[in-house]
Amino acid sequence: MLKPSSKAASVSFEGVTKIYGTEVKAVDDISVDIAAGTLVTLLGPSGCGKTTTLRMIAGLEMPTSGKIKIGDTDVTTLPATERDVSMVFQSYALFPHMNVLENVSYGLKFSGFNKSETRDRALSGLEIVGLAGYGDRLPSELSGGQQQRVAVARALVLEPQVLLFDEPLSNLDAKLRRKVREDIREIQQNLGLTVVYVTHDQEEALAVSDRIIVMNNAVIAQDGTPRELYEAPASRFVADFIGEANILSCEISKISGKLADVVTGSYKLKLPSRDLKPGNAFLGVRPNRVEIGKPGSKNTLSGEIIRRTYVGNHLEFTVKTEVAELFSTTTDVDAPYEVGDKVSVNFAAKGPVLLSH
Amino acid sequence: MTLAETSRLESKVTHPTLVLWLIVGWVGFALLPWYGLEDGILSFEWLLDGYPFEDDYAPALFLGLQGQKLWLMPLALFLAMPLLAIGKSRSDESYGKILVIAGALGFGWLILQGFSIGIRGWNFEWLNQLFGELGDRQFGMGSGAMLVASAFLFIFTQGIAARGAVNGDIFVVGAIGFVVAIVTTFVFYPIANMLASAFITEENTYSIRVFFDKFTDRRLWGLSCITAGGRCGAAWNSLFLAILVGIITTGLGLAFALAVTRTNMRFKQALRALTVLPIITPPFVIGLAIILLFGLSGSVTVFISDLLGIQPTRWVYGLPGILIAQTLAFTPIAFLVLIGVVEGVSPSMEEAAQTLRANRWNTFRTVSWPLMRPGIANAFLLGFIESMADFGNPLVLGGNYDVLSTEIFFAIVGAQYDQGRAAVLAIVLLGFTLAAFWAQRFWLGKKSYTTMTGKGDSGIHPHLPRAMAVPVFTIAAVWTLFTIIIYCMIIYGSFVELWGINNSLTFKHYITAFSVRLDAEGIRWTGSAWNSFWTTIQIAGIAAPLTAIVGLITAYLLTRQNFAGKNAFEFGTMLSFAIPGTVIGVSYILAFNVPPIEITGTGIILVVSFIFRNMPVGVRAGIASMSQLDKSLDESSLTLGANSWQTFLKVILPLLRPAILAALVYSFVRAMTAISAVIFLVSAEYDMATSYIIGRVENNDYGLAIAYSTTLIFVMLAVVGAMQFLVGRAKIGRRLDQSRTNV
């Protein structure tokens, strides 16, 4: 069996910019540090630069300016072959003319292992991903999930300093996706690997990551733990991109210390100011933090239920209020509100956050 | 019963398609001249010349009423039979049965009488003995017979559709029947006919000995070039040449493809533009340029002999010349195939190898190369087939090096006039090309790894290792330079008075070929080339839309429909690609010189030969773009109430406009540059540009030939350019590769 990796290394970007052609900025002046032994996700909509960032770590793209370090080594100008990094591709990129064992042994052959060592390591790699005994098959004879695991094994057996995943789950069906992502997380934790993982699926990112780096338009929008991102998104973009959020316009009437007095419609709140100035701002509230009550309660928004959807383990409401239509979910599937009912709406204590534009 | 159901039932009882084809059948039988007319149906002279009673112009019905050609009369019975079905519902069992029986019997009878009774009465001796002398004869079928034949065909297909074939889809069954019928008539029948004529003795009887005598001829299989310094047989020569050309063009094509995709070379667009050259260049023009350079009075030959003080020789005539000319002509084709192969290797495979610590050389050796191998074999086979089928270059440059394609020609047109020998040679040639075709489809088809899945596979191809990049680049550069020189020679040569003897510049050749005079009667086309030029434009212009239609319908059936025997259908329609032009030419004059289909010497035979020579191009263009259209488009149209013909017309065709245009232009251009089949089929009235040029070359009138060729190249460049402009270029979404700085 493979041992927990002592080789896992940190990755750091210092002011890295990547320009395609003459003006298309794919990555714009990014600086980030990824600690050894952690799983960090690059998350963002398509075209945000996350895959380019990943490929620069792999050495498949070279930055236009800036510096990339893996561990203590400056690898900025090293090609992929000479970096101690391996990658699991979105399409898996299994070599169709080699069987599973040959695929997994491929990198080992170029790493100075002798024949029996290569074989032993490849076989134990297959064992880790649960494919012992599949060595003689061709990739075309495997299911999508199995192919994916071969791709992981192939990258894993090299014990790289950094292991990269480029949207590894996008070609799998929904049920398998959950299973494979749990497997990846387990292997990463057991072996103590440094993993950089690219996805555009926010749920996947929340589930597997130690840390998430949200990218938008070639820059980092926010960098934090899954909980920080979900509960305290830094901007409107992040709030909207991660999970569902109600975004309302509001006004900050007064700042006192770290707290701000906020008004939206007839609803007054005191919230952490997050360094905002008095004036117009936005309020982000997760649907599960939007509470519905009897009409006429004090300091609430009044509204009317315009949609009610039963989805098994919870109820979804859309409430039309004086400021906006709010989307609310509750696990109380017996909540007594029907379409057309007049209600009041308030936000749970830790719910709303102020957002800049 | 709802309103919709009622109307649906009613429409089942009217059968507009059946009524239409019955009308067509009866028009053909009772109104149009049954036999082919010398001046063609469109001259309408026949209307004033004793129609409908004059024998030559009479419809079958009037012939019968006058007591002549009574064997045509049963057709009336078969045409009347479907009338019984008209009142019936489609779901009625007897409806389908009647149509199938009437169609099959009518079509069968038509063929039977056509083959039994020819220009000299009964065609077969045993019929003479059985029925006695006929005392009558018949000519090739004309417009009337054609309409009746199509009526029977479509009545038959409607019958089997009614009985449930292909979900009872009338249009699809009809289209399949149509394609099968025409491919059988114009591809399989002539080939089969030619095979049979290889067994015919001089006394007009069949004998297997004749075949073996001719097959084992020393001129075909002799090996004395190895054993005794003599000449080898044409079969060995062709095989040896084709293998050499296959290897060299594949090597060069691969070097080019690698240079374009995997080095940071400039001028990539210019290199890609070179691929258009073989499309617009008549095949033998390269041969002419080789003569200008290396012939007895060629520039290079003269220069070298002056330099070294040696006697100039005719060394280029023979294997070296053909080899150079074919390599030049076919390398762009190999390049075109291989660039698809080289680009088709998924870049993420190569990137994966790199992240797995393989260096550039190991990546190429262990991943890129094995994945390309099947495609490379494919390019080799293509070069092999092209070389085997090439006729123009061996004719111009062959010297004493006999190859099959030219031997066939000389067996037919030369002093020896030996149909049997031509047929045997054609069979041998066909055997080689079919074997290559078979290998390409069934052996390689299973081994190909290069697929465009359309799944997010964004990556960039790694650059070649330096040790390979340098030779690849050098080869590409030298070859490009050589090609440019060749084409400059062609243009320059067209202005030279008499190459090697009088090198002064002149417009003389262009004036001889293309002079125009304006006088009282308007423009007079006095140049000697105008006649063949306009004929070529006309024939190519008629053939192009027909080729596109047949090709697209076939592509539609192959990509969109499932039916029994689809694989055989596909093989049959693509087969004509593997049949060399000379073989088509020989088989056409053997098959269509006599009734029932008598079209040699007409423009029709040229049009028909172009349609079936170029059909695979149309089919492929259609398949390529149709498989990009999602099937759900058709299905949504069908569920919205359109039938498959309306779907084809309103949904598929509009989306295929680029493919249609491409098929049109390519079949037009290929028809203009073709020579191998054409040279057998031209007549004094219908002379084509290419055969006219070959005629000039045989008279040693190189100036005119080259001037004419240059003109053709520019005409076709304009046509292809106009199309490129109209269609634009398809792009494959890959990461921008210019940005690459390393690796």
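Residues numbered from 1 in each chain as written. Chains lettered and ligands numbered in written order. Predicted model: local features only at pLDDT ≥ 70, side-chain atom pairs only at ≥ 80, totals over all residues.

A. Region of interest: the overall build of chain B. Helix and strand content of chain B: 35 helices and 6 strands. With the principal axes as the frame, chain B shows a C-alpha extent of 85 × 65 × 65 Å. Looking at chain B as a whole, 45% of its 743 residues are labelled buried. Within chain B, contacts between residues separated by at least 24 positions form 75% of all contacts whose residues are at least 6 apart in sequence. (Helix = DSSP H or I, 4+ residues; strand = E, 2+ residues; numbered from the N terminus. Buried ≥ 20, exposed ≤ 12 C-beta atoms within 10 Å, placed from the backbone. Contact = placed C-beta atoms within 7 Å.)

B. Spotlight on the domain arrangement of chain B. All names here are of chain B. Each assigned domain of chain B is listed with its residue range as follows: domain 1 (12-163), domain 2 (220-514) and domain 3 (517-727). Taken over C-alpha atoms, the centre of domain 2 sits 24 Å from the centre of domain 3. Listed as interface residues are 41 residues of domain 2 and, on the opposing side, 37 residues of domain 3. With 9 residues, the single largest contributor to the side of domain 2 that touches domain 3 is helix 23 (residues 419-443). (Domains from an automatic or database assignment.)

C. Region of the structure containing the nonpolar core. Among the nonpolar cores identified, the biggest contains 313 residues, and Leu164 and Val196 of chain A together with Leu288, Leu338 and Val586 of chain B are the most heavily contacted of them. No other element matches helix 18 (residues 319-344) of chain B, which puts 15 residues into this core. When residues no more than four places from it in sequence are discounted, the contact partners of Val586 of chain B are Met194, Ile408, Ile412, Ala422, Ala423, Ala426 and Phe680 of chain B. (Core = buried A, V, L, I, M, F, W, Y, C linked by C-beta atoms within 7 Å.)

D. Representation of the domain arrangement of chain A. Partitioning chain A into domains gives domain 1 (11-231) and domain 2 (244-355). Inter-centroid distance (C-alpha atoms) of domain 1 of chain A to domain 2 of chain A is 40 Å.

E. Expanded view of the environment of Ser256 of chain A. Residues and elements named next belong to chain A. Within the secondary structure, Ser256 sits in strand 11 (residues 246-256). The exposed category is assigned to Ser256, around which 9 C-beta atoms lie within 10 Å. Once the C-alpha coordinates of Ser256 and Pro79 are considered, the two residues, 177 residues apart in sequence, prove to be 54 Å apart.

F. Molecular detail of the interface of chain B and chain A. Counting residues at the interface gives 25 residues for chain B and 26 residues for chain A. Of the residues forming the side of chain B that touches chain A, the biggest block, 6 residues, is contributed by helix 19 (residues 347-355) of chain B. In terms of residue class, the side of chain B that touches chain A is built from 10 nonpolar, 11 polar and 4 charged. (Nonpolar A, V, L, I, M, F, W, Y, C, P; charged D, E, K, R; others polar.)

G. Molecular detail of unusual backbone geometry. Unusually for a residue other than glycine, Tyr92 of chain A sits at a positive phi of about 70 degrees. Within the element layout of this structure, Tyr92 of chain A appears in the loop between strand 6 (85-88) and helix 2 (100-109). The exposure class of Tyr92 of chain A is buried, given the 22 C-beta atoms found within 10 Å. Non-glycine residue Asn700 of chain B carries a positive phi angle of around 60 degrees. Residue position: Asn700 of chain B is located in the loop between helix 34 (689-698) and helix 35 (702-727). Overall, the presence of 9 C-beta atoms within 10 Å leaves Asn700 of chain B in the exposed class.

H. Local environment of the confidence of the model for chain B. Residue and element names in this part refer to chain B. With 93% of its residues at a pLDDT of 70 or more, chain B shows a mean pLDDT of 82. Segment residues 1-12: pLDDT under 50, and 3 contacts once partners within four positions in sequence are set aside and those in other chains are kept. Our summary of model confidence lists the complex with pTM equal to 0.77 and ipTM equal to 0.77. (pLDDT = per-residue confidence, 0-100.)

I. Structural detail: helix 18 of chain B. Residue and element names in this part refer to chain B. Relative to the 38 Å expected for 26 residues at 1.5 Å per residue, helix 18 spans 35 Å between its end C-alpha atoms, a close match to the ideal helical length. Along its length, helix 18 reaches its greatest deviation from straightness, about 35 degrees, at Phe330, and the proline Pro332 lies no more than four positions downstream. Helix 18 sits mainly inside the fold: 20 of its 26 residues count as buried. (Expected span 1.5 Å × (residues − 1). Bend = angle between axes of the 7 residues up to and from the residue.)

J. Just the pairing of strand 1 (residues 11-20) of chain A, in detail. Residues and elements named next belong to chain A. Looking at chain direction, strand 1 and strand 4 (residues 65-70) are connected through 5 bridges and run antiparallel. Note that in strand 4 the partner of Phe13 across the bridge is Ile68. Pairing of strand 1 with strand 2 (residues 24-34) involves 7 bridges; the strand directions are antiparallel. The partner of Ser12 across the bridge, within strand 2, is Asp33. (Pairing = 2+ DSSP bridges.)

K. Main features of the sheet that holds strand 13 (residues 267-272) of chain A. All names here are of chain A. Strand order in this open sheet of 5 strands is 13-12-11-14-20, and the pairing throughout is antiparallel. The open sheet terminates on both sides in strands that have one partner only, identified here as strand 13 and strand 20 (353-355). Averaged over all adjacent pairs, the angle separating strand axes in this sheet is 45 degrees, with direction ignored. Relative to strand 12 (residues 259-264), strand 11 is paired through 5 bridges, and the arrangement is antiparallel. (Axes fitted to C-alpha atoms, helices over the stretch in contact; angles between N-to-C directions.)

L. Expanded view of the pairing of strand 4 of chain A. All names here are of chain A. Sheet analysis places strand 4 next to strand 5 (residues 73-74), joined by 2 bridges and oriented antiparallel. Looking at the pairing, Ile70 lines up with Thr73 of strand 5. As consecutive antiparallel partners, strand 4 and strand 5 are separated by 2 residues, and within that stretch Gly71 has a phi angle of approximately 60 degrees, a positive value.

M. How the structure looks around the sheet that holds strand 19 (residues 342-347) of chain A. Residue and element names in this part refer to chain A. With antiparallel pairing, the 5 strands of this open sheet are ordered in space as 15-19-16-17-18. The sheet is open, and its two borders are formed by strand 15 (290-293) and strand 18 (325-330), each paired with just one other strand. Put simply, the sheet's adjacent strands are angled 45 degrees from each other on average, direction ignored. In this structure, strand 16 (residues 301-310) lies alongside strand 17 (residues 315-321), joined through 7 bridges in antiparallel fashion. By the bridge assignment, Ile305 is partnered in strand 17 with Val319.

N. Examining the packing of helix 30 (residues 631-639) of chain B against helix 31 (residues 644-655) of chain B more closely. All names here are of chain B. As a packed pair, helix 30 and helix 31 sit with axes 10 Å apart at the nearest point and diverge in direction by 125 degrees. When the axes of helix 30 and helix 31 are compared, the pair comes out oblique. Remark: the crossing between helix 30 and helix 31 carries right-handed chirality. Seen from helix 30, the contacting residues are Leu633, Asp634, Ser637 and Leu638; seen from helix 31, they are Ser644, Thr647 and Val651. (Parallel < 35°, antiparallel > 145°, perpendicular 65-115°, else oblique. Left-handed = near helix turned anticlockwise from the far one by under 90°.)

O. Spatial organisation of the packing of helix 2 of chain A against helix 4 (residues 144-156) of chain A. Residue and element names in this part refer to chain A. Remark: helix 2 packs on helix 4, axes separated minimally by 7 Å, with the N-to-C direction vectors making an angle of 30 degrees. With respect to their mutual orientation, helix 2 and helix 4 come out roughly parallel. For helix 2 against helix 4, the interelement crossing comes out right-handed. On helix 4, the residues touching Val100, Asn103, Val104, Tyr106 and Gly107 of helix 2 are Val150, Ala153 and Arg154. Across the contact of helix 2 with helix 4, the residue classes break down as 5 nonpolar, 2 polar and 1 charged.

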